[in-house]
Amino acid sequence: MPSKIFLFFLIFLLILSVSPFLGAFENRIAKADSLFEQGNYTDALSIYTNFFEKTQKASTQMLLKMAFIHEGLEQYTEALYYLSLYYHQHPSFEGLEHMESLAQRQGLKGYEYSELDFFKTFYYRYFEEISLFLLLLGGFCFLILLYILFRTWYVPRYYPILLLCFLVMAFSLIVFTKQPPKAIVFKDQTYLMKAPSAAAEVNNIINKGHKVNILGKQDVWYKLLWNNQTVYVHQDNLHLVF
């Protein structure tokens, strides 16, 4: 019992110590929102950026505002970065179209999309909810089948086969589907190496703004595909978007 009381007291003290910082952050975001409404975009962006760098959290509205400000400042890499984070939280065709249009005007690769890309993002965004629904549906159908068999009612032979196929498909979707990570190149003159080493041969040199698919990671090197060739990029040159 004393240990439980001590633990409760410790949690209570932790909440008290953290709450002033949370309140301060909320006040700063409210101030940034006010500055944004007044058209004082650079000061608002400074507060938003500071908050995001310290917490790695941002609402969809905050991400849109940051993207809007960066685009107005012609900082297109940053604008596309925050738009990508926004799209990951709130998938929409409008978001895809705007990113593709902005990237095309700047000659940037990796932002082309199709309807399949949208549905993939939607699926990954609501992966937990979809997985839970499939599991509940499969379990419910299985229980109904057991009840019918228990009552010795007639069951067509293909019913269990269909249920088994559904369960296998649901299991495969949940276990084996994984969203491939993407990143945006954040530095000009980024070297694409042929091997995960600074001493390796250079395959290409690209500027910032391009979006790439991450195939894997080895130490501080990300493995990716560029122009149908496997290359490696140092992690300091990339910002992961999801």
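Draft legend 1. Representation of the overall build of the protein chain within the structure. From N to C terminus, the protein chain includes 8 helices and 7 strands. In the protein chain, which comprises 242 residues, the share counted as buried stands at 30%. Split by element, the accessible area of the protein chain, about 15900 Å² in all, is 63% carbon and sulfur.

Draft legend 2. Fine view of the environment of D117. Looking at where D117 falls in the secondary structure, it is placed in helix α6 (residues 115-125). Of the residues examined, D117 reaches a relative accessible area of 29% and is grouped as partly exposed. Distance from D117 to L96, taken between C-alpha atoms, is 9.3 Å for residues 21 residues apart in sequence.

Draft legend 3. Inspection of the confidence of the model for the protein chain at higher detail. Looking at the protein chain as a whole, its pLDDT mean stands at 84, while 88% of the residues score no less than 70. Per-element confidence in the protein chain is highest for strand β2 (residues 190-193), whose mean pLDDT is 96, and lowest for helix α1 (residues 2-37), whose mean pLDDT is 63. Throughout residues 12-19 the model reports pLDDT below 50, and contacts reaching past four residues in sequence, or to other chains, amount to 0 contacts.

Draft legend 4. Examining a nonpolar patch on the surface more closely. Residues F142, L143, L146 and L149 make up a contiguous nonpolar surface patch of roughly 390 Å² in combined accessible area. Here F142 is to be found in helix α7 (residues 127-150).

Draft legend 5. Structural view of helix α3 (residues 60-72). Look at α3: 18 Å from first C-alpha to last across 13 residues, which is about the 18 Å you get at 1.5 Å a residue. Restricting attention to buried positions, one finds in α3 the residues M62, L63, K65, M66, A67, I69 and H70. Just past α3, the residue E74 takes up positive phi, approximately 60°.

Draft legend 6. View of the nonpolar core. The biggest cluster of nonpolar side chains holds 34 residues, and the ones touching the most others in it are Y48, F52, M62, L80, Y81 and Y82. Going through the elements one at a time, α1, α2 (41-55), α3, α4 (76-89) and α5 (93-106) are the ones with two or more residues in this core. Per-element accounting of this core gives the leading share, 8 residues, to α4. Beyond its immediate stretch of four places on either side in the chain, M62 contacts I29, Y48, F51, F52 and K57. One finds L192, I206, L224 and W226 within the second-largest nonpolar core, a separate group that totals 12 residues.

Draft legend 7. How the structure looks around the packing of α6 against α7. Taken N-terminus to C-terminus, the directions of α6 and α7 make an angle of 75°; their axes are 5 Å apart at the nearest point. In terms of orientation, α6 and α7 fall into the roughly perpendicular class. Packed against α6, whose contacting residues are Y123, Y124 and R125, the element α7 presents F127, E129 and I130 at the interface. Of the residues in the contact of α6 with α7, the class split is 4 nonpolar, no polar and 2 charged.

Draft legend 8. Expanded view of the packing of aromatic side chains. This model, assessed by the stated rule, comprises 6 aromatic pairs. Between F52 and Y82, the aromatic rings sit 5.8 Å apart at their centres with planes inclined by 75°, giving edge-to-face as the arrangement. In this pair, F52 is assigned in helix α2 and Y82 in helix α4, connecting sequence segments 30 residues apart. Just as F52 is buried, Y82 falls in that class too. With 5.3 Å between their ring centres and 80° between their planes, Y81 and F186 make a pair best called edge-to-face.

Draft legend 9. Representation of unusual backbone geometry. Not every positive phi belongs to a glycine, and E74 is a case in point at roughly 60°. Within the element layout of this structure, E74 appears in the loop between α3 and α4. With a phi angle near 65°, N228 is a residue other than glycine that sits in the positive phi range. For N228, the location among the structural elements is in the loop between β5 (221-226) and β6 (229-234). Here N228 falls in the exposed class, since its relative accessible area comes to 74%.

Draft legend 10. Here's a closer look at the side chain of N237. If you trace the backbone, N237 turns up in the loop between β6 and β7 (238-240). We classify N237 as buried; its relative accessible area is 14%. For N237, the residues in contact, after removing those within four places along its chain, are I184, V185, F186, K187 and T190.

Draft legend 11. Quick peek at the packing of α4 against α5. At a minimum axis distance of 10 Å, the contact between α4 and α5 shows a crossing angle of 160°. Considered as vectors, α4 and α5 are oriented roughly antiparallel to each other. The crossing of α4 and α5 is left-handed. Side by side, α4 and α5 meet where Y76, A79, L80, L83, S84 and Y87 of the first sit next to L96, H98, M99, L102, A103 and Q106 of the second. Partitioning the contact of α4 with α5 into residue classes produces 9 nonpolar, 3 polar and no charged.

Calculation notes
- Residues numbered from 1 in each chain as written.
- Predicted model: local features only at pLDDT ≥ 70, side-chain atom pairs only at ≥ 80, totals over all residues.
- Heavy atoms only, no water.
- Helix = DSSP H or I, 4+ residues; strand = E, 2+ residues; numbered from the N terminus.
- Buried < 20%, exposed > 50% of the residue type's maximum accessible area, 1.4 Å probe, protein only.
- Areas by Shrake-Rupley, 256 points an atom, 1.4 Å probe, with all protein chains shown as cover.
- pLDDT = per-residue confidence, 0-100.
- Contact = heavy atoms within 4.5 Å.
- Patch = residues over 30% accessible without salt bridge, like charges linked within 9 Å, V, L, I, M, F, W, Y side chains within 5 Å.
- Salt bridge = Lys/Arg side-chain N within 4 Å of Asp/Glu carboxyl O.
- Expected span 1.5 Å × (residues − 1).
- Core = buried A, V, L, I, M, F, W, Y, C linked by side-chain atoms within 4.5 Å.
- Axes fitted to C-alpha atoms, helices over the stretch in contact; angles between N-to-C directions.
- Parallel < 35°, antiparallel > 145°, perpendicular 65-115°, else oblique.
- Nonpolar A, V, L, I, M, F, W, Y, C, P; charged D, E, K, R; others polar.
- Phe/Tyr/Trp six-rings, centres within 6.5 Å; stacked < 30°, edge-to-face > 60°.
- Left-handed = near helix turned anticlockwise from the far one by under 90°.

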